[in-house]
Amino acid sequence: MKKYFLLLAVLLLSAACGNDKKAAQSCLEEARNLYENAQYGSAKQVLDQLKGKYPKEFEVQRNALHLKHAIEIKEQERNLVYSDSLMQVRRAQADSMKSHFVFVKDPQYDRIGRYIDKAYNPPVDAGGNHIAINVNENGEIALSSVYRGASAIKHNQLKVTAPSGESAETEAISFDGGANYSFQDSAGTIYEIVTYQKGRDKDVLSFIYNCANNQLTMELVGKKKIRQILSVKEKQAVVKTVDLAVILTDIERLEKEKEKAEKRLEYLYSKEQN
């Protein structure tokens, strides 16, 4: 009797193993069909299910690993083609937009250059208070508020208000001789320049961009508050600079994605040869 039950258990186990092998092979074929139809994400999902359900089907799992490797190569090749084609489009857009800007780069002091709107490029000693804006080659914007007067107001913040009462303001930048600095010229005129970059403008840039068709009032916030209407040229400079920054940032991102895809492909090809 014991021999009978032992034989029955073996037969049942063999049947179960046979069913598992067929089911695992079926999963593999499904993944292969998806791969051949360039449905790489779905193919990987099926392979993940196969790995979880039938871990002991070693031969099928080995073939599944080879297929997953081939899928990743195709994905990276596709990413590379996409990055290249989109980068060409973005570079053409950037080249067209750059014609409206002056490129400034001091070879002695600047690691990367900056683009400044040709139509609005006031020097620091320009009459009156104003904002200044530029974007570097990586798409990083620097917005500055500039004060010029007979006495110091020690401003450290910029606020912009629309006729509706809606407003946006930058972070308060402490005096540090860099992002916030001041000087006095030979005639006794005092200049204060505060620069807001790396997100320190908070929502001011987007506020000016979105409300550029409205009359906007800028306010230099300090020991005294100085209010002034932003000129059309100032608002247009913000709009053009933000548009260029978006393109340059996209190019920077695509270049990193392309480099990442190239390195990954190099690794995958080397594994394939081994």
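Here the structure is a predicted model, which is why all the values come from computation and not from measurement. (Residues numbered from 1 in each chain as written. Predicted model: local features only at pLDDT ≥ 70, side-chain atom pairs only at ≥ 80, totals over all residues. Heavy atoms only, no water.)

Asker: Could you clarify how one ought to interpret the overall build of the protein chain in this entry?
Answerer: When you go through the protein chain residue by residue, the secondary structure sums to 5 helices and 10 strands. Here the C-alpha atoms of the protein chain give a radius of gyration of 31 Å, more than 25% beyond the 19 Å that 2.2 N^0.38 yields for 274 residues. The buried share of the protein chain, reckoned over its 274 residues, is 35%. (Helix = DSSP H or I, 4+ residues; strand = E, 2+ residues; numbered from the N terminus. Rg over C-alpha atoms; globule rule 2.2 N^0.38 Å. Buried < 20%, exposed > 50% of the residue type's maximum accessible area, 1.4 Å probe, protein only.)

Asker: Can you help me understand the pairing of strand E4 (residues 141-149) in this one?
Answerer: Each regular strand shows side chains that alternate between the opposite faces of the sheet. Burial analysis of E4 places 8 of its 9 residues in the buried class, the great majority of the element. Bridge count between strand E3 (residues 130-136) and E4: 6 bridges; the pairing is antiparallel. Residue pairing across strands places Ile-133 opposite Leu-143, the latter belonging to E4. Hairpin remark: E3 followed by E4, antiparallel, with 4 residues in the connecting loop; positive phi at Gly-139, about 90 degrees. Where E4 meets strand E8 (residues 190-197), 8 bridges bridge the pair, whose relative direction is antiparallel. Residue pairing across strands places Leu-143 opposite Tyr-196, the latter belonging to E8. (Pairing = 2+ DSSP bridges.)

Asker: For this particular structure, what's the right way to read the sheet that holds strand E7 (residues 180-184)?
Answerer: Within the open sheet, the 6 strands sit side by side as E1-E2-E3-E4-E8-E7. Their pairing is antiparallel. On the outer flanks of this sheet lie strand E1 (101-104) and E7, each paired with one strand and no other. Pairwise comparison of adjacent strand axes, ignoring direction, gives a mean angle of 25 degrees for this sheet. In this structure, E1 lies alongside strand E2 (residues 114-117), joined through 4 bridges in antiparallel fashion. Following the sheet pairing, Val-104 is matched in E2 by Arg-114. (Axes fitted to C-alpha atoms, helices over the stretch in contact; angles between N-to-C directions.)

Asker: Got a minute to help me understand helix H2 (residues 40-53) in this structure?
Answerer: An α-helical segment advances 3.6 residues per turn. Residues three or four places apart therefore align on the same side. Given a rise of 1.5 Å per residue, 14 residues ought to cover 20 Å, and the 20 Å separating the end C-alpha atoms of H2 matches this to within 8%. Every buried residue belonging to H2 is among Tyr-40, Ala-43, Val-46, Leu-47 and Leu-50, and all of these are buried. Each buried residue of H2 sits inside an arc of 120 degrees when the element is viewed along its axis, so together they form one side. Pointing more than 90 degrees away from the buried face of H2 are the exposed residues Gln-45, Gly-52 and Lys-53. (Expected span 1.5 Å × (residues − 1). Arc of directions from axis to C-beta.)

Asker: What's the story with the side chain of Ser-144 in this structure? I'm lost.
Answerer: In this structure, Ser-144 sits in strand E4. Reaching out from Ser-144, the side chain makes a polar contact with the side chain of Thr-195 at a distance of 2.9 Å. Sequence-distant contacts of Ser-144, that is, excluding residues within four places in its chain, are made with His-130, Ile-131, Ala-132, Ile-193, Val-194, Thr-195 and Tyr-196. (Polar contact = N/O pair within 3.5 Å; in protein donor to acceptor, adjacent residues only side chain to side chain. Contact = heavy atoms within 4.5 Å.)

Asker: Got a minute to help me understand the confidence of the model for the protein chain in this structure?
Answerer: Of the residues in the protein chain, 93% reach a pLDDT of 70 or more, and the chain-wide mean stands at 90. Confidence drops under pLDDT 50 across residues 2-18; counting only partners more than four residues distant or on other chains, this segment forms 1 contact. (pLDDT = per-residue confidence, 0-100.)

Asker: In this structure, what is going on with the packing of aromatic side chains? I would like to understand it.
Answerer: Given two aromatic rings, one states the distance between the centres and the angle between the planes to describe the pair. One pass over the structure, following the stated rule, counts 4 aromatic pairs. Look at Phe-103 and Tyr-115: their rings are 5.0 Å apart centre to centre, the planes differ by 45 degrees, and that puts the pair in the tilted class. Taken together, the residues Phe-103 in strand E1 and Tyr-115 in strand E2 connect sequence positions 12 residues apart. On the accessibility criterion, Phe-103 (40% relative accessible area) is partly exposed. Residue class for Tyr-115 comes out buried when judged on its relative accessible area of 9%. Both rings, one in Tyr-181 and one in Phe-183, keep their centres 6.4 Å apart while their planes meet at 20 degrees; by these two values the pair is stacked. Using a relative accessible area of 36% as the deciding quantity, one classes Phe-183 as partly exposed. (Phe/Tyr/Trp six-rings, centres within 6.5 Å; stacked < 30°, edge-to-face > 60°.)

Asker: Looking at this structure, how should I read the environment of His-155?
Answerer: Summarising the element assignment, His-155 is placed in the loop between E4 and strand E5 (157-161). Between the C-alpha atoms of His-155 and Lys-51, which are 104 residues apart in sequence, the distance is 63 Å. For His-155, the contacting residues outside a window of four places in its chain are Ser-145, Tyr-147, Asn-180, Glu-192, Val-194, Tyr-196, Leu-220, Val-221 and Gly-222. Here the side chain of His-155 touches Glu-192 through a polar contact of 3.0 Å, side chain to side chain.

Asker: Which parts of the structure should I look at to understand the environment of Arg-200?
Answerer: For Arg-200, the position within the fold is in the loop between E8 and helix H4 (204-210). Taking the C-alpha atoms as reference, Arg-200 lies 9.3 Å from Ala-142; in sequence the two are 58 residues apart. If sequence neighbours within four positions are ignored, Arg-200 has contacts with Thr-170, Glu-171, Ala-172 and Ile-173.

Asker: Teacher, can you tell me more about the pattern of salt bridges here?
Answerer: This structure, assessed with the given rule, holds 15 salt bridges. Here Asp-117 and Lys-240 are joined by a salt bridge, their closest N and O atoms 2.9 Å apart. With Asp-117 in strand E2 and Lys-240 in helix H5 (residues 232-273), the pair connects residues that are 123 residues apart, well separated along the chain. One salt bridge in this structure joins Glu-171 and Arg-200, with 3.3 Å as the shortest N-O distance. One end of the pair, Glu-171, is in the loop between strand E6 (167-169) and E7; the other, Arg-200, is in the loop between E8 and H4, with 29 residues separating them in the sequence. Looking at Glu-171, the relative accessible area reads 32%, which means it is partly exposed. (Salt bridge = Lys/Arg side-chain N within 4 Å of Asp/Glu carboxyl O.)

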